[in-house]
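# An overview of the molecular structure
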Amino acid sequence: MIAIIDYNMGNIRSLGNALARLGAEWTLTSDPAIIERASHVILPGVGNAAQAMDNLKRLNLPETIWKLRHPVLGICVGMQVMCRTSEEGNAECMGIFDAHVKRFREQQGIKVPHMGWSRLSNLESKLFKGIDSDESVYFVHSYYAPLCPDTIATARHPEMFSAALKYENFYGTQFHPEKSGDVGHRILENFLHI
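The following paragraphs examine the structure supplied in this document. (Residues numbered from 1 in each chain as written. Predicted model: local features only at pLDDT ≥ 70, side-chain atom pairs only at ≥ 80, totals over all residues. Heavy atoms only, no water.)

Now for the nonpolar core. Formed by 34 residues in total, the largest nonpolar core has its most connected members in Ile-5, Leu-43, Leu-56, Ile-65, Val-81 and Met-94. At the level of secondary structure, the elements contributing two or more residues to this core comprise strand S1 (2–5), strand S3 (40–43), helix H3 (49–58) and helix H5 (77–80). Sort the elements by how many residues they give to this core and H3 lands first, with 5 residues. Among the nonpolar cores identified, the runner-up in size contains 32 residues, and Ala-24, Leu-73, Val-183 and Ile-187 belong to it. (Core = buried A, V, L, I, M, F, W, Y, C linked by side-chain atoms within 4.5 Å. Buried < 20%, exposed > 50% of the residue type's maximum accessible area, 1.4 Å probe, protein only. Helix = DSSP H or I, 4+ residues; strand = E, 2+ residues; numbered from the N terminus.)

This part covers helix H1 (residues 12–21). Helical geometry: 3.6 residues make up each α-helical turn, so side chains three or four residues apart lie on a common side. Buried within H1 are the following residues: Ser-14, Leu-15, Gly-16, Ala-18 and Leu-19. Structurally, H1 contributes buried residues whose contacts are with S1, strand S2 (26–29), S3, strand S4 (72–75) and helix H6 (181–192). Backbone geometry just downstream of H1 places Gly-23 in the positive-phi region, at approximately 75°. (Contact = heavy atoms within 4.5 Å.)

The subject of this paragraph is the state of the cysteines. One pass over the full model with this rule turns up 0 disulfides. Cys-83 provides the cysteine sulfur closest to Cys-93, a residue in no disulfide bond, and the two sulfurs are 7.0 Å apart. We classify Cys-93 as buried; its relative accessible area is 13%. Considering cysteine sulfurs only, Cys-83 is the nearest to Cys-148, which forms no disulfide, with 6.9 Å between them. Accessibility expressed as a relative area gives 16% for Cys-148, which makes it buried. (Disulfide = S-S within 2.5 Å.)

This part is about the pattern of salt bridges. It is possible for side chains of opposite charge to pair when their charged atoms get near one another. In total, this model carries 4 salt bridges according to the counting rule given. One salt bridge connects Arg-84 with Asp-98, and the closest N-O pair in it is separated by 2.8 Å. Pair noted here: Arg-84 is in the loop between H5 and strand S5 (85–86) and Asp-98 is in the loop between strand S6 (91–92) and strand S7 (100–103), with a separation of 14 residues, a long-range link. By relative accessible area, which is 36% here, Arg-84 ends up partly exposed. Among the salt bridges present, the one from Arg-103 reaches Glu-106, with a minimum N-O distance of 3.3 Å. (Salt bridge = Lys/Arg side-chain N within 4 Å of Asp/Glu carboxyl O.)

Its location among the elements puts Ser-142 in the loop between strand S9 (136–141) and strand S10 (143–144). On the basis of relative accessibility, which here comes to 18%, the residue Ser-142 falls in the buried class. With sequence-adjacent residues up to four places away left out, Ser-142 is seen in contact with Lys-102, Arg-103, Phe-104, Val-112 and Pro-113.

What follows is the structure, given as structure tokens:
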């Protein structure tokens, strides 16, 4: 059973539909006991990193997440709150990934938020098994993790940033695999086989 963490920050319907297409059983929960028993855990995220951390702390979940030894996937803000800090609301985050999340700079011709399809490069994980470099995935974000020791995929807007991160059993994608068509489907499938 896959546990999707319920902390009022996720895009649950799209994620649930994507998992259902894979034939996966899942539950939406904030119960630490259920999260600890799950085979895989997903921390979805749409919204503000500071609010996300407040919600997680209110539910006493950061310590539960840190202790997990089965595969964990953070998506978008879910990945960002697994980093050390975020400029969004000056949030102190969980510190799983060795990255400090920053806001894209306003530049001529560059839109913030970064919204739409962008190519992945430098794929370095079994999360991307069967995925070619230069495949495109769907992003919606104003904040990003710079390149760091935990980077396992990159993208550009216009500078290169971490499209995905990994530390031990923890994975994160800045993009939304549940909204990324066949490529995202394969990435979620790969995650479920880790």
